[in-house]
Amino acid sequence: MNLDAPAQLALILILGGLAQWIAWRSRVPSILLLLASGLIVGPVLGLLTPDEALGGALLPVVSLAVGFILFDGGMELTFREIRGASGVVWRLVTIGLLVTWIVALIASRYVLDLSLGLSMLVAAIVVVSGPTVVGPLLRYIRPSGVVGSVLKWEGIVIDPIGVLLTLLVFEVVLQRDLGKAPLLILETTLITVSAGVGLGLAAAWLLVESVRRFWVPDHLQNAVALVLVVGAFAGSNAIAHEAGLFATTVMGIALANQRRADIHGLQEFSESIRVILLSALFVVLAARLRVDDIRMLGWRELFFLLILVFVARPLSVLASVMRSKLSQHERGFLMCVMPRGIVAAAVSSVFAIRLQEANVAGAETLVPIVFMVIIGTVVIYSIGAPVAARKFGLAEPSARGVLFAGAGFWTRLLAIELQRLGVRVVLVDTSHPHVTACQFDRLECVEGSVLSEQTIDDLDLAGIGRLLACTPNPWINALAAKRFERIFGKAEVFRVRSAASESSGQRDETAERQTRWLFGEGVTETQLEQRAEEGQRVHAVPIEEAASTATVIQRLGAEALPMMVVSKEGKVLPITADGRRDLSPGDTLLVMSPALMPLVDEAIQQR
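Predicted model, so just to flag it, every value in this text is computed and none were measured.

Residue-level account of the overall build of the chain, with values.
Along the backbone of the chain there are 26 helices and eleven strands. For the chain, the C-alpha radius of gyration of 27 Å lies close to 25 Å, the compact-globule estimate for 607 residues. Each principal axis of the C-alpha atoms in the chain carries an extent, and together these give about 90 × 60 × 55 Å. The buried share among the 607 residues of the chain stands at 52%. Here the contacts in the chain between residues at least 6 apart in sequence split such that 77% fall between residues at least 24 apart. Within the structure as shown, the chain displays about 27,100 Å² of accessible surface, and the carbon and sulfur contribution to it stands at 60%. In the chain, the 51 positive side-chain charges and the 54 negative ones have mean positions that sit 5 Å from each other.

Pulling in residues and values, what's your account of the confidence of the model for the chain?
Low pLDDT means the predicted atomic positions in that stretch should not be read closely. Here the chain averages 85 in pLDDT, and 93% of its residues register 70 or above. The low-confidence segment residues 599–607 (pLDDT under 50) makes 14 contacts with residues lying over four places distant or belonging to another chain.

Quick rundown of the sheet that holds strand 2 (residues 425–429)? Include the residues and the values.
The pairing of strands in a sheet happens through backbone hydrogen bonds and is either parallel or antiparallel. Pairing is parallel across the open sheet formed by five strands, whose spatial order is 3-2-1-4-5. Looking at strand neighbours, the two that pair on one side only are strand 3 (444–447) and strand 5 (493–495), the edges of this open sheet. The sheet shows a mean angle of 20 degrees between the axes of neighbouring strands, taken without regard to direction. Summarising the sheet, strand 2 and strand 3 pair through four bridges and their orientation is parallel. Of the residues in strand 3, the one forming a bridge with V426 is E444.

Break down the pairing of strand 2 for me, with residues and values.
Of all five residues in strand 2, five are buried; the element is thus mostly enclosed. Along strand 2, one buried face is formed by V425, L427 and D429 and the opposite face, lined by V426 and V428, is buried too. Here strand 1 (residues 401–405) pairs with strand 2 via four bridges, running parallel. Following the sheet pairing, L403 is matched in strand 2 by V426. In this view, the connection linking strand 1 to its parallel neighbour strand 2 by way of helix 18 (residues 409–420) has right-handed handedness. Taking the sense of rotation as the criterion, the β-α-β connection linking strand 2, helix 19 (residues 432–440) and strand 3 turns out right-handed.

Give a description of helix 1 (residues 5–26) that names residues and reports values.
With 22 residues, helix 1 should cover 32 Å at 1.5 Å per step; its first-to-last C-alpha distance of 31 Å lies within 8% of that length. Looking only at helix 1, the buried set comprises Q8, L11, I12, L15, G16, A19, Q20 and A23. Buried residues of helix 1 fall within an arc of 155 degrees about the axis and therefore sit on the same side. More than 90 degrees from the buried face of helix 1, the exposed residues found are P6, L13, I14, W24 and R25. On its buried face, helix 1 is in contact with helix 2 (30–44), helix 3 (50–54) and helix 12 (264–287). Count one or two residues on from helix 1 and you reach R27, which has phi positive near 60 degrees.

Help me get a handle on the packing of aromatic side chains, residues and values and all.
Counted under the stated rule, the structure contains six aromatic pairs. Plain terms: the ring middles of F79 and W153 are 5.3 Å apart, the flat faces sit at 35 degrees to each other, and that makes the pair tilted. Within this pair, whereas F79 is found in the loop between helix 4 (58–74) and helix 5 (86–110), its partner W153 is found in helix 8 (residues 147–174), the two being separated by 74 residues in sequence. Judged by centre distance (5.7 Å) and plane angle (20 degrees), the ring pair of F484 and F488 falls under stacked. Within this pair, F484 and its partner F488 are both found in helix 21 (residues 474–488), separated by four residues, close to a single helical turn. The pair formed by F484 and F488 is uniform in burial state, with each residue classed as buried. A connected cluster of aromatic rings, assembled from ring pairs, spans F79, W90 and W153.

Please provide a residue-by-residue account of the packing of helix 10 (residues 221–239) against helix 12, values included.
Close contact between helix 10 and helix 12 brings their axes to 10 Å; oriented N to C, the two are set at 65 degrees. Regarding helix 10 and helix 12, the two cross each other, and that crossing is right-handed. On the side of helix 10, the interface is formed by N222, A225 and L226, while helix 12 contributes G265, L266 and F269. Grouping the constituent residues of the contact of helix 10 with helix 12 by class yields four nonpolar, two polar and no charged.

Parameters and conventions
- Residues numbered from 1 in each chain as written.
- Predicted model: local features only at pLDDT ≥ 70, side-chain atom pairs only at ≥ 80, totals over all residues.
- Heavy atoms only, no water.
- Helix = DSSP H or I, 4+ residues; strand = E, 2+ residues; numbered from the N terminus.
- Rg over C-alpha atoms; globule rule 2.2 N^0.38 Å.
- Buried < 20%, exposed > 50% of the residue type's maximum accessible area, 1.4 Å probe, protein only.
- Contact = heavy atoms within 4.5 Å.
- Areas by Shrake-Rupley, 256 points an atom, 1.4 Å probe, with all protein chains shown as cover.
- Lys, Arg positive; Asp, Glu negative; His and termini not counted.
- Charge placed at Lys NZ, Arg CZ, Asp CG, Glu CD.
- pLDDT = per-residue confidence, 0-100.
- Pairing = 2+ DSSP bridges.
- Axes fitted to C-alpha atoms, helices over the stretch in contact; angles between N-to-C directions.
- Right-handed = clockwise from strand over helix to strand, strands pointing away.
- Expected span 1.5 Å × (residues − 1).
- Arc of directions from axis to C-beta.
- Phe/Tyr/Trp six-rings, centres within 6.5 Å; stacked < 30°, edge-to-face > 60°.
- Left-handed = near helix turned anticlockwise from the far one by under 90°.
- Nonpolar A, V, L, I, M, F, W, Y, C, P; charged D, E, K, R; others polar.

Put into C-alpha cells, the structure is as follows:
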C-alpha cells in the first residue's frame, strides 16, 4: 500500500511519538524502538518511502535537523562542570578520536574486507557519538563526580569534529592527485572551522543582545532563536560543506555559558523541538534501508562491532587520560560508554549517496554497516554501562531524596523525620538562622537563594529526585518549581500554598491544574508554621495492612495532617492536594499531629 506524502509525514510523527512514550514506560532505549519502527514501516511493510515523500529535500532536511539537535546539546554544556577535566575532554575529541579512527580503519580493511578508501570513510563515520544516545544513558546511570560531564561534553563536541574528519577523508578518497591532499586537508579544515565557529559565535551574540536589549518581544524570542540557528547553519554550509554542525554546536555552547541574558525559555523550547526531530530522523533513516541491506550483515560486521567496543574505545581512553586526575574507576567507566547515534546515521546516509554518485565500489555497504554499529553499541552500552558504573562505585544512589526550598521550622521537622527513615534531604535557605538551625539538627543545608545559578551549582544532588518548594514567598516557590522542572521533571516538583494567595481569592486556574500542591486542599505554609510553633510534630506511622490515608487519619484523629508516604522500597511519595494515597503493608506515613497518638505510641514501642 502506497501512502501519499502527507500521510507518510503523519505516520513518521505518530510512530516517533509513540515509540518515545513506550520507551519511557518500559525503560528501553528509545533509539531501538525508533529504529525498529522505521524498519517495520519501511523495508518490511513498504508503507514509508522517505525518498519519494520528500524527494531532493530529504538529505538537506536531515542535515538541518542534526544541526539543531547539536545546538540543543550544546546548550547543556557549561565550562564549570568540567573544571579540572577539560584537558581530558579535548584529548578525547582529538587524540582519542584519532586512535578510534585508526583502529576502525584497520578493522574495516582486514575484517570487513573493504577497499582502503571505503575503510577510511567507514572508520571516520563511526568515531562520532551524540547527545541523543549519551544523554539518556547518563540520566539513567547518574554517574557521580566529573566523569558524567566529561562523557556529555565528548558526546556532543566529537560530532562536528567527526563529521569534519569524514568530509576530509571523502575529499581525499575522491582526490586523484594525492600530492595535493595535505594542502586540501589544511584548507578545508581552516575554512570549515573558521566559518562554523565564527558564525556560531556571531549568532549567539546577536541572540543574547536581542534578548538583553529587548529588541524582540518575549513571544518572538524562540522564533528569532530558531531563525538564527537556521541562518548560522545555512550560512556556514554555504561557505564550507558541513560547517553548519560546527556553527550550531558553538552557538549552543556560547549561549549556555553566557550570563547576560536569561535563556531558560529557549532551552525548554529547543528541547521539545529536539525530541520531535530526533524521533522523526531515526524513523526516516531506518525506513530508507532495504531488506537486502539487512541480509548482507554477518559475522564480519559483528566482529567489527566488537573491535570498536572492546579495543578501539579502551585504547582511545587510555591515550586520552594519561596524566589526568581521573581515578582508575573513572577511567574504567569512560571505557564503557561510547554509543553511536543520529549523527552517524545521518552522515552515513549523506555520504553513501555521494559515493554512489561518484561510482565508488561498495558504497551500498556503508549505511547497513553503520546502522548495525548504532544498534549494537546502543544495546551493548545500555546493558554494560550501568553494570560498570555499579562495579566501579560511580552510580549515584537511586534518586529518592528530597530537596527543600526553604528551611523554616515545620520544614526542618519534616526533613528530620525523613532523614531518620534513611531518605537523603538537602535544604536551601537565605536565612542564616535557619541554616544554623539545620546544622544544629544535623541537616544538610546550603545558604543561598534557590534561584541563584551559583547556589544550584553548589548543590550536591546525588540521590535527590524531587523538589518541595516550601518558602513563605509564593513567587519564589513558583520560580523554583519552574527551574527544577528541567532537572527532576514536572511530576517530581511540588509547592506549598501561601496564605497571601489563599486570602486574596485570586487564582490562576491554569497554574492550579498544572501545580502539584502539597498536603491537601487549602493547607498553607503559614498554617504549617503555626502548627509547629504550637508544638505539633511530624510522626512516622508504620502501615501494617493495606489502607488509604483517609482510613489511617480516622484512627489518628481529625487534627492529624498526612504529609508523605515513604514506601517499603524507600520511595518518597508526597501527599498532594486531594490528600489521598493508597498505603501498603511496610509503608510509613508521615503525619503532623498535636501529640503522640496511641497508634504512634504503639509503633514507637514496637521499635
